[in-house]
Amino acid sequence: YNAEIDNQTEYMEVLRRDTGYPVSFAEAAEMFKGWENDKHEDILTYRDKTHKNLFTGIVSPVLTKPWVKLLDDSLETYLGMEYVECGQANGRTRENGDANGLH
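Residues numbered from 1 in each chain as written. Predicted model: local features only at pLDDT ≥ 70, side-chain atom pairs only at ≥ 80, totals over all residues. Heavy atoms only, no water.

Draft legend 1. Quick peek at the pattern of salt bridges. As enumerated under the stated definition, the model contains five salt bridges in all. Glu27 is paired through a salt bridge with Lys52; the nearest N and O atoms lie 3.0 Å apart. Of the two residues, Glu27 sits in helix H2 (residues 26-41) while Lys52 sits in the loop between H2 and helix H3 (75-79), which places them 25 residues apart along the sequence. When its relative accessible area of 43% is taken as the criterion, Glu27 is described as partly exposed. Here Glu36 makes a salt bridge to Lys39, at a shortest N to O gap of 3.9 Å. In this pair, Glu36 and Lys39 are both assigned in helix H2, three residues apart and thus about one turn of the helix distant. Residues joined in a network through salt bridges with shared partners are Asp6, Glu30 and Lys33. (Salt bridge = Lys/Arg side-chain N within 4 Å of Asp/Glu carboxyl O. Helix = DSSP H or I, 4+ residues; strand = E, 2+ residues; numbered from the N terminus. Buried < 20%, exposed > 50% of the residue type's maximum accessible area, 1.4 Å probe, protein only.)

Draft legend 2. Representation of the packing of aromatic side chains within the structure. Applying the stated criterion to the full structure yields three aromatic pairs. A centroid spacing of 5.5 Å and a plane angle of 15° characterise the contact between Phe32 and Trp35, whose relative ring orientation is stacked. Note that Phe32 and Trp35 are positioned in helix H2 at a spacing of three residues, about one turn of the helix. Ring geometry for Trp35 against Tyr46: centres 5.6 Å apart, planes inclined by 75°, an arrangement best described as edge-to-face. Of this pair, Trp35 sits in helix H2 while Tyr46 is found in the loop between H2 and H3, placing the two residues eleven residues apart along the sequence. Grouping aromatic residues by their ring pairs yields a cluster made of Phe32, Trp35 and Tyr46. Its guanidinium or amino end placed over the ring of Trp67, Arg47 lies 4.0 Å from that ring's centre, counting from NZ or CZ. (Phe/Tyr/Trp six-rings, centres within 6.5 Å; stacked < 30°, edge-to-face > 60°. Lys NZ or Arg CZ within 6 Å of the ring centre and 35° of its normal.)

Shown next as structure tokens:
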């Protein structure tokens, strides 16, 4: 899968340069490779991993229990979830933050 991701990233970089889009896809490609690797290692736990937002640098919080045990995927439940840790970047945290999770 890494070769396929590299090929797609190379194509997207051509489009990015041609259109003047300012953000490179290289870091996103590496994150996607990690996600694919996690998925291949264990299909039941890859959703439990945290990831960094490429634009804010904030790391996603860890769920209080494994994703596979979260049987309610409604928006209400998702928005009301409690997390066991908080990502932080550039002094901004998700704790007590605004609607976008930034503080």
